[in-house]
Amino acid sequence: MTIPHIPIPAYLDTDLDLVEHMITERVRGRAIVAQIATAHTTRDAARRLRIALVLLSAQAGSYQFERTSHAATAIGLITTASSLHGGLVDPAARRSETVTAWPGMNANVPLMVGDYLFALAAAEMALAPDSRIIAYYSRSVMAFCEATLAPVRGPTAHEALAQYTEGVARSTATLIESACRAGAVCGGLIPDQIDALGRYGYALGHALAIFDDLQNLEYLLQTDIIPLPLIYAAEATGSQIPALIAQFHTNLIAEVRRTGGIERALQDAQQYLIEAQSHLNAIVDGPARNALLAVASYFTD
């Protein structure tokens, strides 16, 4: 299953490029940091989307690029840092080749680069116009680390589904929620609107995590990662997940398709997108709200 990249409005390109330039400038002159951090993440779709969500959330209010740029730069640095850390712990994250691009490299090197980028992100947050931004991002980074260290194990579908939902909430959904909240604060929105954009990001993050599972399903089924469609396949057959994997290890993806695991996961993602759209009712109509709606409706059209 191929999931295309979510389109970002063309009018954001100039500000997105400025933020990417700021990220590049932060690591310029630090050769090993620049090599590892930028070789496989420049124009990275996940990073660019999260930066765009900061900018769009700010544009839902009173937008000034200077007030928003540090929050946007911080989420870009956090995204790259979390990719490096995740790749050392989670084999599924290595599909981006962020870590494996340098065979034989001591794993401590990308780990330290990730730590360095997190520190750069912290410095960037300190330049943001509101201390709430530090709180949002700090909580999301802690949650990401907790989720990375506690992968889905099961063994029953019921247990695995609870672990999956909690793990996604602690990682992708929370990071995207923090990006939307940070942008809303930079745009001077009122508390109810900040909360609405946070809930929008939280639901959107759940959907995007599921779509990532679907896009990389064949690869994930070859690892020890348990994606959502596999959980639903185990539930449909009444099997424990290890038994299902052992029985169909040579053609597991066909069994997941046969039992409707892919369709159920897709339905979940679409429900999250509908939920995300509903939270935008609190946002004043305009180009930013329309763009945020378009992001959340891309896979439901």
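These remarks concern the structure in this document. Predicted model only: the values in this text are computed from it and were never measured.

1. Thoughts on the packing of helix α14 (residues 261–279) against helix α15 (residues 287–297)
Part 1 of the argument: Contact geometry of α14 with α15 gives a least axis separation of 8 Å together with a crossing angle of 170 degrees. Taken together, the axes of α14 and α15 are roughly antiparallel relative to one another. Here Leu 273, Ala 276 and Gln 277 of α14 come into contact with α15, specifically with Leu 293, Ala 296 and Ser 297.
Part 2 of the argument: A per-class count over the contact of α14 with α15 returns four nonpolar, two polar and no charged.

2. Structural notes on the nonpolar core
Part 1 of the argument: Core analysis: the biggest nonpolar cluster contains 89 residues, and Leu 117, Tyr 137, Leu 197, Tyr 200, Leu 204 and Ile 231 have the highest contact counts within it.
Part 2 of the argument: Top element by residues in this core is helix α9 (residues 191–215). It accounts for 11 residues.
Part 3 of the argument: Look past the residues within four positions of Leu 204 in its chain and what remains in contact with it is Leu 53, Ile 176, Leu 273, Ala 276, Val 295 and Ala 296.

3. A few points about the side chain of Ser 69
Part 1 of the argument: Position of Ser 69 among the secondary structure elements: in helix α4 (residues 65–89).
Part 2 of the argument: Here Glu 66 takes part through its backbone oxygen, which lies 3.3 Å from a polar atom of the side chain of Ser 69.

The rules we used
- Residues numbered from 1 in each chain as written.
- Predicted model: local features only at pLDDT ≥ 70, side-chain atom pairs only at ≥ 80, totals over all residues.
- Heavy atoms only, no water.
- Axes fitted to C-alpha atoms, helices over the stretch in contact; angles between N-to-C directions.
- Helix = DSSP H or I, 4+ residues; strand = E, 2+ residues; numbered from the N terminus.
- Parallel < 35°, antiparallel > 145°, perpendicular 65-115°, else oblique.
- Contact = heavy atoms within 4.5 Å.
- Nonpolar A, V, L, I, M, F, W, Y, C, P; charged D, E, K, R; others polar.
- Core = buried A, V, L, I, M, F, W, Y, C linked by side-chain atoms within 4.5 Å.
- Buried < 20%, exposed > 50% of the residue type's maximum accessible area, 1.4 Å probe, protein only.
- Polar contact = N/O pair within 3.5 Å; in protein donor to acceptor, adjacent residues only side chain to side chain.

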